[in-house]
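Fold and contact review
Chain residues, written in single-letter form:
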Amino acid sequence: MKMIRWSGLIVFIVIVGLITIFSLFFLDGIIKGIIEGRASLAVGAKVEIGDLKSKIFGLRVDIQNLQVANPEEPMRNSVEIGSLAFDLAAAPLLKKKIVIERMKVLDLAWNTPRKTSGALPPRLQKKLEARKKPSELGAKAEKRIEECVLPDFSILADLKKRSPEELLKGINLQSAAFLGDYPKKVSAAKEIWEKRLRELPTKEDIEKDIKSFQALKDQRPKDLTQLPAYFEKVNALQKKINDTQKTLTTAQREFQTEMNNLKASLQEVEKLKDTDVKTVMAKLGVQIPSATDLICVLLGKEVAHKVNWALGMYRNLSQYTSKGKPKEEKEKPKPIPRMKGMDVRFPITQGYPDFLLELAEFSVRPDMKKASGVFAFERLAGELRGLTSHPTLYGKPTLFKLNGSMVGNLAKDFALAGQFDHRKTVAEDRIDLNIKELRIEQAGTRDPQAQASPLQLASALLNVNGSLGVKGEALDGRVLLNVLNPKVAVGSSAAILGDLLKNLGPFDLSLSIGGNLDQPSIALSSSATKTLTSGLENLVQKEMKGLQDGIKNVISSRMDKDLAANRNEVSGLEKLIQGELSSRLGLTSLPTGTKPKEGMKGLLPGFK
Amino acid sequence: MIQPIISLIRMMHSETDPRQISLGFALGMVPGLTPLTSPHNLLALLVILFFRVNIGAAILSWGVFKVLAYALDPLFHQIGLFLLTRVGFLQTLWTALYNAPLLPYTGFNNTVVMGSLIFSLLAFYPVFWGGKFMVLKYRETLMERFNRLKIVQVFRASKIYKWYSSYSKLRG
């Protein structure tokens, strides 16, 4: 039996040949499809390539009109690239490694309009949902600064028209509650002291003792042998009278202390009145903004919004960058889709990383339109070096820099630079931004949303100096804005602040960025705070003094009657108890010359 | 598709060496169990076409084992993961293969490719031997009964069968 089937070999060669020809013929389409599919899933919106041409022998890829749709706004492109061309290194490709030695990105533009929607088709949308990590659904940057608002000052004018009595309607005053409870305290004290008076020696008891003492004094024995027993009786009676006197004196002192406390607590009413005024003002919605609030609404909010946007962009980007890890470390297995398996990666002992982009040069499509709120560049070019899947193996950080100027001399100089260093276990990234003489001119171009804002920086010249460092997950950054010639547009709801902000001089605004990528925190400080604080205090005092005084007077007039009644109640109790104690104490005084002197224990004066 | 299967039935009923049928069945198992686009399947195809093995048996086996592969996929993943990550002495070999030219394209570092390939290689001889045994047993015991089945006799008397027989004779 023949073992070999030569016709089979011909069939095999034909099959393999057909597969090869088919692949070569449709290679461009296959690469285009793979890039579009994978990039769309990564971005969360359509990524479309106008035309892709590859040269097998030159290992060169030319892409024309690459559009990356904005997932938030499907009718706009986040990025549009007119032309992108790169060469692949041949030797690393044999080892399934993609090494791009030089890439040229020309005609780069962003936020461009689209003709069709860039939303993902439902099939890819489902795939994307399945891939979403919990962290992507989670926390956003700190909102405190972004949400800062100014109180509605127009409420102040309305309140001024209303009478204080009307404003106080339905408000529970602490001072009134205190005065309502006060008589109960007086009654309780009265009850206690009346009981105490009953327990103390009565007038009758004291008079009886005094009479007994007087009688004993008159009955002095003539017989000397009876004298010791006589003195013993006299001393005992005298001690009893002295004890009574002491008890009454102590009671008198304690009563006086309690009365003083009661009187002092009545003075608390004055403090409670002030608290009531503050409570009423707060309940009426009259809040005094801090100078930091003013700066925050004026500029800080907008800058914080941009910082949060940048942090969000960085967070999204960091999902695709290689995490810093020690050499030779293997990746942990992840849950795998059925029938697809999982690719286990092994240490790369020699040669190139799996992916390396050695140098990419960018140039931006010049934009001649001056649009509000959008950075339009007249000139912008830059480069990216050393973007790789294995930074440890590559041994250098990824560096990028962009330089340019804005349309219509809006900013003389714009520079963005940074580095992503993921070579160590803890990645260290840094981004620096410098904008010189950024002109803000919004007069006459206020959009409806801006018009609703109480304060707006209508014009100014800004120097922006920002830096953001990310070490692992920890953020450490600072944005410093030097604001020159600021002109503030004041909305109707904050018209009261017009004078205060009219002559606002140059100031600095500083935003400190801290926390971590999942929960960033932004703190704001400004050199204008001091000036604005004193101005704001004067303004508020002037505007609100009349209203506050009116409310205080009404509260005082309501309280005065109760206060007087309570004072009378305390005086009455004082008079009653103190009078009784004094009269009892008066009776305990021994007749002149009968009080024992110190050092004469056992001998009555006058009995020498 | 029908032609190789009819050819298989004819082979079962002919004097063809049972080893040719069982070898075709065992070789068809490899692309059946492993992902079709894996490069090693080109080698399996070359062997099936170049050596005188039964192509019908290979195609039937590919179909049968493709269904089985779906059920066995988690097992293949576990086997692949074990071999690729937990066998210490193999790590040097995998690392060397991973860094060698062209070999990364074989997809050996994929858990399902590795697991299913190892499984199919281990199952190759038992399937070959089992297939040969079954062909022999079939010819000894079941073939006669099969030929006596009414449906087979009706089919053999049908025009389609006669047309196919004359077509086969013409093809040689």
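Residues numbered from 1 in each chain as written. Chains lettered and ligands numbered in written order. Predicted model: local features only at pLDDT ≥ 70, side-chain atom pairs only at ≥ 80, totals over all residues. Heavy atoms only, no water.

**Here's the deal with the overall build of chain A**
Across its full length, chain A holds 15 helices and 13 strands. At a minimum sequence separation of 6, the contacts of chain A that also span at least 24 residues come to 68%. Here chain A displays about 35,300 Å² of accessible surface, and carbon together with sulfur accounts for 56% of that area. (Helix = DSSP H or I, 4+ residues; strand = E, 2+ residues; numbered from the N terminus. Contact = heavy atoms within 4.5 Å. Areas by Shrake-Rupley, 256 points an atom, 1.4 Å probe, with all protein chains shown as cover.)

**A short note on the environment of Leu49(B)**
Here Leu49(B) lies in helix H3 (residues 40-50). Classification of Leu49(B) by relative accessible area gives buried; the value is 10%. Along the chain, Leu49(B) and Gly24(B) lie 25 residues apart, while their C-alpha atoms are 9.8 Å from each other. The contacts of Leu49(B), once residues within four sequence positions are left out, are Arg5(A), Gly8(A), Leu9(A), Val11(A), Phe12(A), Ile15(A) and Ile55(B). (Buried < 20%, exposed > 50% of the residue type's maximum accessible area, 1.4 Å probe, protein only.)

**As for the pairing of strand E8 (residues 413-421) of chain A**
Residue and element names in this part refer to chain A. Where strand E7 (residues 398-406) and E8 come together, seven bridges link them in antiparallel fashion. What sits directly across from Phe400, in E8, is Gly418. In this antiparallel pair of consecutive strands, E7 and E8, the connection spans six residues, and Gly408 shows a positive phi of 60°. Judged from the nine bridges that link them, E8 and strand E9 (residues 428-441) form a sheet pairing that is antiparallel. Note that in E9 the partner of Ala417 across the bridge is Asp432. (Pairing = 2+ DSSP bridges.)

**Some details on the pairing of strand E4 (residues 98-113) of chain A**
Residues and elements named next belong to chain A. Looking at chain direction, strand E3 (residues 76-88) and E4 are connected through 10 bridges and run antiparallel. Each residue of the ladder has a partner; that of Ile81, found in E4, is Leu108. Pairing between E4 and strand E5 (residues 355-364): seven bridges, direction parallel. Within E5, the residue paired with Leu108 across the bridge is Val364.

**Some remarks on the interface of chain A and chain B**
Of the residues lining the interface, 33 residues belong to chain A; the matching set on chain B comes to 35 residues. Approximately 3,200 Å² of surface area, both sides summed, lies buried where chain A meets chain B, with 62% of it carried by carbon and sulfur atoms. On inspection of chain A and its partner chain B, the count reaches zero salt bridges. If you look at where chain A meets chain B, you find 17 residue pairs in polar contact (both at pLDDT 80 or more). Those elements giving two or more residues to the side of chain A that touches chain B turn out to be helix H1 (6-25) and helix H3 (90-94) of chain A. Per-element tally for the side of chain A that touches chain B: the top contributor is H1(A), with seven residues. Of the residues belonging to the side of chain A that touches chain B, the class tally is 19 nonpolar, four polar and 10 charged. (Buried area = accessible area lost by both parts, 1.4 Å probe. Salt bridge = Lys/Arg side-chain N within 4 Å of Asp/Glu carboxyl O. Polar contact = N/O pair within 3.5 Å; in protein donor to acceptor, adjacent residues only side chain to side chain. Nonpolar A, V, L, I, M, F, W, Y, C, P; charged D, E, K, R; others polar.)

**Examining the pattern of salt bridges**
Any two side chains of opposite charge can pair if their charged atoms end up close together. Here the structure, examined in full by the defined rule, presents 23 salt bridges over all chains. Here the salt bridges do not stand alone but share partners, grouping Arg60(A), Asp62(A) and Asp87(A) into one network.

**Quick word on the confidence of the model for chain A**
Residue and element names in this part refer to chain A. Averaged over every residue, the pLDDT of chain A is 81; the share at 70 or more is 85%. Note that pLDDT drops below 50 for residues 134-143; the model gives that stretch 14 contacts with residues more than four away or on any other chain. For the stretch residues 325-329, pLDDT sits under 50, and the model shows nine contacts to residues farther than four places along the chain or on other chains. (pLDDT = per-residue confidence, 0-100.)

**Here we look at the packing of helix H2 (residues 18-33) of chain B against helix H6 (residues 111-148) of chain B**
Residues and elements named next belong to chain B. Remark: H2 packs on H6, axes separated minimally by 8 Å, with the N-to-C direction vectors making an angle of 150°. On the basis of the axis angle, H2 is roughly antiparallel to H6. Where H2 crosses over H6, the handedness of that crossing is right-handed. Looking at side-chain class alone, the contact of H2 with H6 contains 17 nonpolar, four polar and three charged residues. (Axes fitted to C-alpha atoms, helices over the stretch in contact; angles between N-to-C directions. Parallel < 35°, antiparallel > 145°, perpendicular 65-115°, else oblique. Left-handed = near helix turned anticlockwise from the far one by under 90°.)

**Section: the packing of aromatic side chains**
Inspection of every chain in the model, using the stated rule, returns 18 aromatic pairs over all chains. Arranged with centres 5.1 Å apart and planes meeting at 80°, the rings of Trp193(A) and Phe255(A) form a pair that is edge-to-face. With Trp193(A) in helix H8 (residues 174-199) and Phe255(A) in helix H10 (residues 227-283), this residue pair connects regions lying 62 residues apart in the sequence. Take Trp193(A): its relative accessible area is 2%, and that puts it in the buried class. Each member of the aromatic cluster is reached from another via a ring pair, and the members are Phe346(A), Trp94(B), Tyr98(B) and Phe108(B). (Phe/Tyr/Trp six-rings, centres within 6.5 Å; stacked < 30°, edge-to-face > 60°.)

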